[in-house]
Each structure stands twice: as structure tokens, then as C-alpha cells.
Amino acid sequence: MSTNPLLDLKQLGQSIWLDSIRRSHITSGGLKKLIDDDGVAGETSNPNIFEKAIAGSHDYDDDVRDLIAAGKRALEIYETLAIKDVQTACDVFRPVYDATQGGDGFVSLEVSPKLAYDTAGTIAEAKRFFKAVNRPNVMIKIPGTPAGVPAVEECLYSGLNVNVTLLFAVEAYEQVAWAYVRALERRAAEGKPIDRIASVASFFVSRIDTLGDKLLADKMKATTDPALQAKLEALGGKAAIANAKLAYQLFKKIFGDARFIALKSKGARVQRPLWASTSTKNPNYPDVLYVETLIGPDTINTLPLETIDAYRDHGKPRVTIEDAIPGALRVLQDLSSVGIRMQAITDQVLDEGVVKFDQAFDQLLGSIEAKITAAANARHSANLGKFAREVDEALRVAQNSKIVPRIWQKDPAVWKAKPAEQHEIVDRLGWLTVATEMRKNIADLRAFSDEVKRAGYKSVVLCGMGGSSLCVETLRDTLGVARGFPKMFVLDTTDPATIRALERKLDVKRTLFIIASKSGGTVETSSHYKYFAKQVSAQSFVAITDAGTSLDQLAQAQGFRHVFRNPADIGGRYSALSFFGLVPAALMGIDLDRLLTRAEEMARACASDANPGLWLGVVWGALAKHKRDKITVITSRGLETFGAWAEQLIAESTGKEGKGLTPVDGEPLAPSSQYGDDRVFVYLRLAGAKNAALDRKVTALEEAGQPVVRLHMRDVYDVGAEFFRWEFATAVAGAQIGINAFDQPNVQESKDNTKRVLATKKPKAEKPVWKNKQFEVFATEKMSKVKTLRDVFRAFMAHAQPNDYFALMAYVERSPKNHRALQAIRVGARRAGKLATTLGFGPRFLHSTGQLHKGGANTVLGLQIVADDAADAKIPGEAYSFGALKRAQALGDWQALQSHKRRALRVRVKRGGSLAQLAKEFVNALKERK
């Protein structure tokens, strides 16, 4: 006998494995020392072990931080950490594996407890883990549940090493032992090697006594019979050992059977019993009870460190597994005689074991989720100056009012207290969970994308308005179109010049058209369909709409290539992560899994009390009370179109009931002297972009006392997270200012005006306040003594008041040349009056800031610009053209501005005039005013 009892166990045929895993123990040399000094020959892990290691130490902090930064989900983070630990441990045990020719030196990794009753899922995950670890001495742990047994056989047959876990009943052990034999027989019959297939059957011990002793104690309390009490007391701590010894007898019988002997001649090894859960739970029992009573050949005992230390100190090694076998049978008989059936115990502890591991797994993922949430919160910062304390107080009030759980519970009273005002809110909260819901469609969307490529399409045109188009534009410009995928064009206008310019870029016969409309009746998109339907077959069309809409019916009747029916409980501007965004994204070759992962990460972060979306929404809401209601978006290069998406989300959601936040997108950044006291700057900063110059300008704004929020994006795929963050923040801000963030009453008003204008054969002519050969001007305000166009502009801008904003509404072609001229106008307005400015091309902005201009506070100075079209485009099947439709939309919008008594100008650019000339007149007029 040696001086170390642990080493003596090896001579008696029993291997000791470590029932623990932790990175620092591996990397510090502690594991190697156990192998060298104590003969430890393997290692096991389970969700409970990993939960204690990852959540209970700082060993993994750097890796977790890097994985979070890479956008990994909690489950992916756990798996990455666990696989890395198992790989490292396998490498440490590799000399043991080689020295024993594959007999020992194994490290176990368990499949998810969520799969305990899912055979196919268990098989798939076991194979995935085995491949990922990529070490010959890894064992995959599979539970010995009824669903697990066929998974065990299939995995062994496929060449995996398997540790069958959660075995409590002798009958269950028998099933997995024969499953092992069958798997080897199948391999042998096919000429596959079986000499390096290893398996152990983990038979749990102490949990049997924990429950058995409790049942005995209950019965002792229930009787006054001294003899019965003595019998019950004598049975304490006996059930588990008796059960294990009978399992060992069955092991000898099965692996002494002729069926296995035939396999043994071909190199097969026995499936060794592994005694698990062998640390004593009852302090009245010896600390090595379940080691010393279960020693025998071809067995393994997996021990935690404290039990290893205890056995090294005072263990007494000798073969004990076959001691008193008749006594073991009597124990079970005696238990039965007092009303305690072993089957009932094993059934219960199996169920409890699955639940316990499941809970540990949930707790593990929860701890990682907490780290993800903390990281998400760390990805924003702010310099709010004198408003910081007020924002903190507003955040505390929001948390105390349980606004976050109420939003997730879809409580409409968050926004409106009266039941009559809540109906549309209830039907518009599907965006909260849509990222997770859409995940199940990823495979189908990829398949559809492959189908489109095989069909030879070289271009895709997304025909949509507002939320249906702006999210696609953002995805295209931020993430890009992958090599080999069709080009993506976005058509969200009725301007005939824009439509014709796009048409010239296309090989129409090799173009797929997506007609996207939630309502199914959007006039712009239905007109786009009619225009191109005359040129291509119905198979070149795809519809994205709600079920049962007129577009859905049209698509089915005409035989569109595909109809994607979106969840009905999502409004258009909240639909970026639904089919409206994901179908075009798939066609661009964007990684949908990665995009949705980022969105889900942010969604989970926004479910906590203090979260990124709540914080941002509270900042907007709190500062709006101080008339800091101009949300000015600044973005790193490459993120510019995100601002247009955010603009429509904020403006259409909050601009109503005489209230609202004014989003400012695309306004050139200026020195702080050009800004008033009504701004909040939100800087969306992309890591790795060329941000130095922008950083300096933003810092200068902070130093000048302007409130600045910084949102940090790790990479472009964080746009998925930002879609959700801004949606959540907008919903919170809506609650803060007391409006329904999900309706858009004034958008419909302009649509109705457009229909009325189109139906009127000759609209009533309005008298201009000024005109010449190039321009014609109309005004909602009275003007006198205006002799020149500059006079008109000076008189109009004289109406500006503190906290006003200047809105450019241009019904012209959206071209670089026109954009430069319009930007010059907005910069001139800001410079002259420190006004926040917005710029929208019509009719696109009608589905965005158009709601704010009419439904928000009367703080807008609107400049509508219309221009005569050089050429028009007919809409097949309609009495009007695209040019006529655009003119009707502009006039209908003008009439809405008039009816809401907005201060506005309408300038018509005639054939002899130009937008550049108009811009020059405007800028010079304001310079002269100074």
C-alpha cells in the first residue's frame, strides 16, 4: 500500500475523476498536480459546475467581455467558454489517455439540460459539441432519460464517446448498458472500429439517500411504535449504497454476456459504472462514505476537490463493491416493507435532477445575461450638464412606476389611461418580441434568397414608404450588399424624374420588385406596382404586407413569386426587424442570425430595471420638459441613413396632440455658437470608423454646455441593437410626454387631402403673395410690402420664435444637386436664427416628419417647395400620372398645414427657375437681414 490512498484505488481497478472544472485550476497547474500526485484520471463537468465557475469567479471576465463585444448571445458565450475549458483540460489529460490507450484521461461536456426529453435535439447537440471540442478524449454527457437512451445509442454508433448521466434506477442503467452494446454491434456489423469507443454510465448515489432519509424521517415522526422507529432509523444511509451495488451486479452480468464477449474479441471496452454525486450531504455520515463502500474493478468515482482531499487524508482502500450483496437486497426489501419503494425514489430524484441542472443552466445564462446587460449599459454615456440630476430623478421615477415591466406586459395604460384610447396601442406592441419570433424564419429567408439568385435576378427594387423603406435603406448603406447578391434599390417617391432615373439603371427583366405595405393600400407602392407590372411577369414581384390586405389578395390572384405576411401587431415604423426589413436583408446577403442576435441582446438588456432604452427615452423626455426637444442625430461615417430611419420613428411616434420631439437628421455639424438652447445631441459612434474630426466637434459641443449623448456601436451589425434601442426609447419618451406613440392621425389626413385633390377636376386656384417668371410664392401668413423674393423670405423668417424649427419640404427629384441646394437653405436658416432644421423630400417625408409638422406643437416654420416636372410618367390603369399624384400630395399637404394654422411658405419653381437659384436668394435674404 502506498502512502496516498488515492493511488491505491488505481491498483484496485478504480479510476478517480475530478467532479469539477474551472479555468484557473487548469491554467495554474492545479489539475496537472492532481494527475501527477493523486493519479486523477479524468474530469467531469455539468451546468451546475460551470455556473459556479463562470458566475462565481473572475476567471472568465476577459473572455466574456470579448465575446460580448463580438455580439455573442449568452448561450453562445457559455458554450464558447465551456468548450475552451474542456479543450484545455483534454490537452492536460492527453498523456493519461495515450498511456492507457484510450482507457482513461477523459473530460466530459454535457448537452443542454433543455434537451433532456428531446432525442433529436440531443443527438444534434452532442455531435456539434464533439466536433467543436475536437479532441479524442472528450466525452459528451447525455442524460439517461427515456428520450436520452436512443440518443446515447445513436451517438455511440456515430463514434462519439458518451458519458450517460443522471442514472438513478437499476432498470435505467440496464437500458443504457444494452444501448452501448447495440451501438457497438451496429458498428462492428458495418466493419467500423470499436476499440476506441468509450462510454461510462454515471450512477448517482447520495441523492438517493437524501430523499430516502427524508422519507424515513417523515415516517418516524408519524409513528409511536418503538420497533418500527428503530427499523426506520436503521435503514438511514443504506438505500444509495445498496442501489449502487445491485447496479454493479447487473454490470457484471451484461458485460459477461456472450453478446459483449463477441464484441470484446474485436477490441471493445466495457462501459464502466461511474459513481456520481458521491460527496456526503448528511453531516452525520463519514465524509468518504460513498467512496469507501463502492470500490471495485472497472469502476470510476468522480469526486469534488474536498472529497479528494478527505480521501487522501484518511481513506482506507480495499475492494468493497461486492460486500454484503444479500444485505443490499434486504435493504430494498425492508424499505418496501415500510412503504418506501425504490422506484418512487429514483423517479423523483431523476425529475429533480433534470430540474436542478435546468435551473443551474438558467442561472448560468442569467448571470451571463446580466454581464451582457451591464455591457450594453456601458455602451452609452452622456454629458448632460445641469440636467444630469433631473434625468437621474426621472429615471428613478420611471423605475418606481414599473414602466419597464409594464411595457413588456404590453400594458396600454403606460401611454393612455382611458380604455377608449388604448385599442391601437394593444395592437402595436409586437415589435417587442419580433426579433426572437423572426429567428424561426431565417432558414426560409435564406432559401428564398438562394432561389432569387438562381432565378438570375441582378437587381431588387424595394417599393415602400416610411418604415417599409427607410430601414432597408439603412441596412443597405450600413451593412452593404454581399458579393454575388443582387443590387438593392429603394423606391419611395412619386417623383417621375426619380422613377425614370431608377428605371434607366435597371435591366427590368432581371429585376425583382418587392411591394411592401403594411396596410396593403399605400398609394405610392400600389402605383409602383402598376407601373412595373406592365413590363415584367407576376413572378418578378414579392409582397410584404399584413394578412388579408388588398395587397395580399392581389399577390395571390396575380401569382406573385412570394407573399410574406407580417405579424399584424407591428406598426410600420417599428417593423425594421420584421419581414419588412429581413426579406430585403436576406436578398442582400446580410447575416440575419447575427443581426437578430444583436437585436435580441439589446431587447434582453431593455428588460432590466435600468436599461439602455429606458435611459435614452428618459433623457429625451426629461429634457423635453425644458424645451430641449430637438433630438439632433450625429453619426459616424457609414451610418448616415440610420438618422433618416430614426427621424421617421421619433417624428411619427411623438408628433401629435400638440406635443412632440423634433428629430434633426442630416444637418451639417456646426460650431456651438450656431445652436440655440433647444437641442439634445445624440452621437451614434461606430468603432473603427474615422471618428477623430467628429469626436473633436462633439467634444466642443459638450464643452459649450450642450447636452450630448454618446451611443457606442461595436461594429455595423450593432445596427440591429440600435433599431431596438431607439424603438424602446421612443416608446418610453412617448409615455414621458403623455402621448400614444403608436398612431399617426395626421398622416391619414394628408392622404385624405390627396384623394380629394385627385378627385377634383379643377382645384380652386390660390392667389400667390409674390411671383415672377422663375418662382411663385404662397403663404399661410399675411404679407405686405414684399417686392422681391428676398423680401418674402425675410418677412417669413421674421415669424421665428425661440424653440421653433425650420422644416424644408421639397417635392423635387432627390438628386445630389438638389440636396446640396436644400442643405444650403437649411444651413442659412440655422445660421440666421439658431433654428433646428429638418429636410424631407416629398412625398417620402409624409410618412415621417409630416406627422410632426401638422400634429406636433405649432413651432414649425415650413418651407414647401414644388417644381414643374420636365417629364412625367403614366400610372397604368389610373386617370392620373406620377407627376399629378405628386402635385396632389404636395397640395394636400399644403392644405393640411393651412388647416392647422402652421406658419408656412409654398414656393413653386417654374421651368425658368432652379433650386440652386432659390437657395441663393434665401441665404442672401437672411444675410441682408443681419
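These figures come from a predicted structure and were not determined experimentally. (Residues numbered from 1 in each chain as written. Predicted model: local features only at pLDDT ≥ 70, side-chain atom pairs only at ≥ 80, totals over all residues. Heavy atoms only, no water.)

Helix and strand counts for the protein stand at 38 helices and 24 strands. Principal-axis analysis of the C-alpha atoms places the extent of the protein at approximately 115 × 60 × 55 Å. Going through the 930 residues of the protein one by one, you find that 60% of them count as buried. Within the protein, residue pairs in contact and separated by at least 24 positions form 80% of the contacts whose partners lie at least 6 positions apart. When the accessible surface of the protein is split by element, carbon and sulfur atoms take 51% of a total near 36,200 Å². (Helix = DSSP H or I, 4+ residues; strand = E, 2+ residues; numbered from the N terminus. Buried < 20%, exposed > 50% of the residue type's maximum accessible area, 1.4 Å probe, protein only. Contact = heavy atoms within 4.5 Å. Areas by Shrake-Rupley, 256 points an atom, 1.4 Å probe, with all protein chains shown as cover.)

A few words on the pairing of strand β7 (residues 272-276). Counting buried positions along β7 gives five out of five residues, so the element sits mostly inside the fold. Judged by which residues are buried, β7 turns out to be covered on both faces: R272, L274 and A276 on one side and P273 and W275 on the other are all buried. Pairing of strand β6 (residues 199-204) with β7, which is carried by five bridges, proceeds in the parallel orientation. The residue bridging F203 from the neighbouring strand is W275, located in β7. Here β7 runs beside strand β8 (residues 299-303); their pairing, made up of two bridges, is parallel. (Pairing = 2+ DSSP bridges.)

Moving on, we come to the side chain of E600. With respect to the helices, strands and loops of the structure, E600 is situated in helix α28 (residues 592-605). Here T436 takes part through its side chain, which lies 2.9 Å from a polar atom of the side chain of E600. When residues no more than four places from it in sequence are discounted, the contact partners of E600 are R73, A435, T436 and R439. (Polar contact = N/O pair within 3.5 Å; in protein donor to acceptor, adjacent residues only side chain to side chain.)

Moving on, we come to the pairing of strand β15 (residues 630-635). With respect to burial, β15 is a largely interior element, six of its six residues being buried. The two faces of β15 match: K630, T632 and I634 on one face and I631, V633 and T635 on the other face are all buried. Looking at chain direction, β15 and strand β16 (residues 662-664) are connected through three bridges and run parallel. What sits directly across from T632, in β16, is V664. Between the parallel pair β15 and β16, the chain is carried across by helix α30 (residues 640-654), and the sense of this crossover is right-handed. Judged from the six bridges that link them, β15 and strand β17 (residues 679-686) form a sheet pairing that is parallel. Bridging from a neighbouring strand, I634 pairs with Y683 of β17. (Right-handed = clockwise from strand over helix to strand, strands pointing away.)

What the rule picks out here adds up to 36 aromatic pairs. Judged by centre distance (5.2 Å) and plane angle (45°), the rings of F168 and F204 are tilted. With a gap of 36 residues between them, F168 in the loop between β5 (162-167) and α9 (170-189) and F204 in strand β6 connect regions that are remote in the sequence. The exposure classification of F168 matches that of F204, with both residues buried. An angle of 70° between the planes, with centres 5.0 Å apart, marks the rings of F793 and F922 as edge-to-face. Taken together, the positions of F793 in helix α34 (residues 789-797) and F922 in helix α38 (residues 915-929) put the pair 129 residues apart, joining distant regions of the chain. Looking at F793, the relative accessible area reads 0%, which means it is buried. For F922, a relative accessible area of 1% corresponds to the buried category. Three or more aromatic residues joined by ring pairs form one cluster here, namely W408, W415, W431, Y574, F724, F728 and F742. Here the basic side chain of R186 rests over the ring of Y157, its NZ or CZ set 3.9 Å away from the ring centre. (Phe/Tyr/Trp six-rings, centres within 6.5 Å; stacked < 30°, edge-to-face > 60°. Lys NZ or Arg CZ within 6 Å of the ring centre and 35° of its normal.)

Moving on: the packing of α9 against helix α12 (residues 239-254). The contact between α9 and α12 brings their axes to 10 Å, and the two run at 25°. It follows from the interaxial angle that α9 and α12 lie roughly parallel. Crossing angle aside, the handedness with which α9 passes α12 is right-handed. Contact residues: V170, Y173, E174, A177, W178 and V181 in α9; N243, L246, A247, L250, F251 and I254 in α12. (Axes fitted to C-alpha atoms, helices over the stretch in contact; angles between N-to-C directions. Parallel < 35°, antiparallel > 145°, perpendicular 65-115°, else oblique. Left-handed = near helix turned anticlockwise from the far one by under 90°.)

On to the nonpolar core, then. Soluble, globular proteins show a tendency: their nonpolar side chains are buried together. Counting 131 residues, the largest nonpolar core has F50, Y78, V86, L109, Y173 and F255 as its most contacted members. Listed in part, the 100 residues of the second largest apolar core include A394, A435, V619 and A733. (Core = buried A, V, L, I, M, F, W, Y, C linked by side-chain atoms within 4.5 Å.)

Here we take up helix α32 (residues 719-737). Between the first and last C-alpha of α32 there are 26 Å, a value that for 19 residues agrees with the 27 Å anticipated at 1.5 Å per step. Along α32, 19 of the 19 residues are buried, which leaves the element largely enclosed by surrounding structure. (Expected span 1.5 Å × (residues − 1).)

Two pairing modes exist for strands in a sheet, parallel and antiparallel, and in both the strands are linked by backbone hydrogen bonds. Here five strands make up an open sheet; going across it, the order is β9-β18-β17-β15-β16 and the pairing mixed. At either margin of the open sheet sits one strand with a lone partner, and together these are β9 (380-383) and β16. On average, adjacent strands in this sheet sit at an angle of 20° to one another, irrespective of strand direction. The pairing of β17 with strand β18 (residues 708-713) spans six bridges and is parallel. When the bridges of β18 are listed, L686 appears paired with M713. On the sheet, helix α29 (residues 612-624) packs against β9, β15, β17 and β18 and is oriented at approximately 160° with respect to β18.

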